[in-house]
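Chain and residue survey
So you can see what is in the structure, the chains are spelled out below.
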Amino acid sequence: MAAELLRESFQIQGRNFDKAGEISSEIKVILKDLDIDAACLRRVVIVAFEAEMNVVMYADRGTLTLILTDQDICLDVKDEGPGIPDIDLAMKEGYSTASDEMREMGFGFGMGLPNMKKNSDDFCIESAVGKGTSVFARVRLDSHA
Amino acid sequence: MKLVEIKDLLKCEVLAGEEDLSVDVSQVVASDGMSEILAFAKSKELMITGLTNIQSIRTADIAGVSAVLYCRGKRPDKKVIEFAKQKRIPVLVTEMVMFDICGILYNKGLKGVS
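Residues numbered from 1 in each chain as written. Chains lettered and ligands numbered in written order. Predicted model: local features only at pLDDT ≥ 70, side-chain atom pairs only at ≥ 80, totals over all residues.

**Description of the overall build of chain A**
Within chain A, the secondary structure is distributed over 5 helices and 5 strands. Its C-alpha atoms give chain A a radius of gyration of 14 Å, near enough to 15 Å, the size a compact globule of 145 residues would have. In terms of overall dimensions, chain A has a C-alpha envelope of 40 × 30 × 25 Å along the principal axes. Put simply, chain A has 145 residues, and 40% of those count as buried. (Helix = DSSP H or I, 4+ residues; strand = E, 2+ residues; numbered from the N terminus. Rg over C-alpha atoms; globule rule 2.2 N^0.38 Å. Buried ≥ 20, exposed ≤ 12 C-beta atoms within 10 Å, placed from the backbone.)

Printed below as a string of structure tokens:
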């Protein structure tokens, strides 16, 4: 059983593009201060950043919880938003429902969810239309990108 | 190739990180899509983009690139430049378009990431 070393939750504001990414930057600083392996840290912050951007772009609000154990780093992201009707389609590279505003921010090209999966050792997504989406991603501390 | 050589080659103006131009880069990641950068960058590359908002520097920081080069003479606002300085990411801007920049750097031996 993995021993939990740190658990911290962050509130994400939907549609606040100015602050979008601040939480992921903070997570990067926290993990860097803990001397987490650079390759592992990089994977975690990419997942966090894509998840944070997805919540900002699509949802009203969300929570990102960072959980560090002696074996892995997990990100548990839950939002209150429109949900995803077809998860298999949403996981396909290039598929996107983004608005022009999102694309002007440099996001919404159908790479976010595939990027998150690619950088995780375990990745799970569940969604209920009209309610919201939950993503759980795990990166092992001994993994190398 | 050192950033200072790239600066001269592409006739760049340096907006941030003048003191860090001795950094060497051998690979380039070029896109206006931030998720593309995040998907392909492996860290320490030169990032070329036409996107000048705060997300470009956030992406550069998260992806761990060595420097950001804005093409087509597009300039970020002061807040973005200050953020880059805070993150110690050198920022350059050139009037050249992305296609020409990539061609010139490729001819000088720099490679893309895939």
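**With respect to the sheet that holds strand S5 (residues 132-140) of chain A**
All names here are of chain A. Within the open sheet, the 5 strands sit side by side as S1-S2-S3-S5-S4. Their pairing is antiparallel. Where the open sheet ends on each side, the last strands, each with one partner, are strand S1 (4-13) and strand S4 (122-128). The sheet shows a mean angle of 10° between the axes of neighbouring strands, direction not considered. Here 7 bridges tie strand S3 (residues 72-80) to S5, and the two strands are oriented antiparallel to one another. The residue of S5 that forms the bridge with Asp72 is Arg140. Docked against the sheet, helix H2 (residues 38-58) engages S1, strand S2 (61-69), S3 and S5, running at close to 0° with respect to S3. (Pairing = 2+ DSSP bridges. Axes fitted to C-alpha atoms, helices over the stretch in contact; angles between N-to-C directions. Contact = placed C-beta atoms within 7 Å.)

**Examining the interface of chain A and chain B**
Every contact between the two is made by 17 residues of chain A and, on the other side, 17 residues of chain B. For the side of chain A that touches chain B, the secondary structure elements donating two or more residues are helix H1 (22-33), H2 and helix H5 (112-118) of chain A. Take the side of chain A that touches chain B: its biggest share by element is 5 residues, from H2 of chain A. Here the residues of the side of chain A that touches chain B are counted per class, giving 8 nonpolar, 6 polar and 3 charged. (Nonpolar A, V, L, I, M, F, W, Y, C, P; charged D, E, K, R; others polar.)

**Points about the sheet that holds strand S5 (residues 91-93) of chain B**
What links the strands of a sheet is backbone hydrogen bonding, and the strands pair in either a parallel or an antiparallel sense. Residue and element names in this part refer to chain B. Pairing in this open sheet of 6 strands is mixed, and the strands run S1-S5-S4-S3-S2-S6 from one edge to the other. The sheet terminates laterally at strand S1 (13-16) and strand S6 (111-112), the two strands that pair on one side only. In this sheet, S5 lies alongside S1 in antiparallel orientation, the contact comprising 3 bridges. In the strand pairing of S5, Ala16 is matched with Val91. Strands S1, strand S4 (67-70) and S5 of the sheet are contacted by helix H4 (residues 78-86), whose axis makes an angle of about 75° with S1.

**Focus on the packing of H1 of chain A against H2 of chain A**
Residues and elements named next belong to chain A. In contact at an axis separation of 9 Å, H1 and H2 are set at 160° when each is read in the N-to-C sense. By the angle between their directions, the pair H1 and H2 is classed as roughly antiparallel. At the point where H1 passes H2, the crossing takes the right-handed sense. Contacts from Ile23, Ser24, Ile27, Lys28, Leu31 and Lys32 in H1 reach Leu41, Val44, Val45, Ala48, Phe49 and Glu52 in H2. (Parallel < 35°, antiparallel > 145°, perpendicular 65-115°, else oblique. Left-handed = near helix turned anticlockwise from the far one by under 90°.)

**Looking at the nonpolar core**
Core analysis: the largest hydrophobic core is formed by 74 residues, its most contacted members being Val44, Ala48 and Leu75 of chain A together with Met47, Val68 and Leu69 of chain B. A total of 14 residues in this core trace back to one element, the largest contributor, which is H2 of chain A. Setting aside residues no more than four positions away along its own chain, Leu75 of chain A makes contact with Val44, Val47, Ala48, Ala51, Leu64, Leu66 and Ala137 of chain A. (Core = buried A, V, L, I, M, F, W, Y, C linked by C-beta atoms within 7 Å.)

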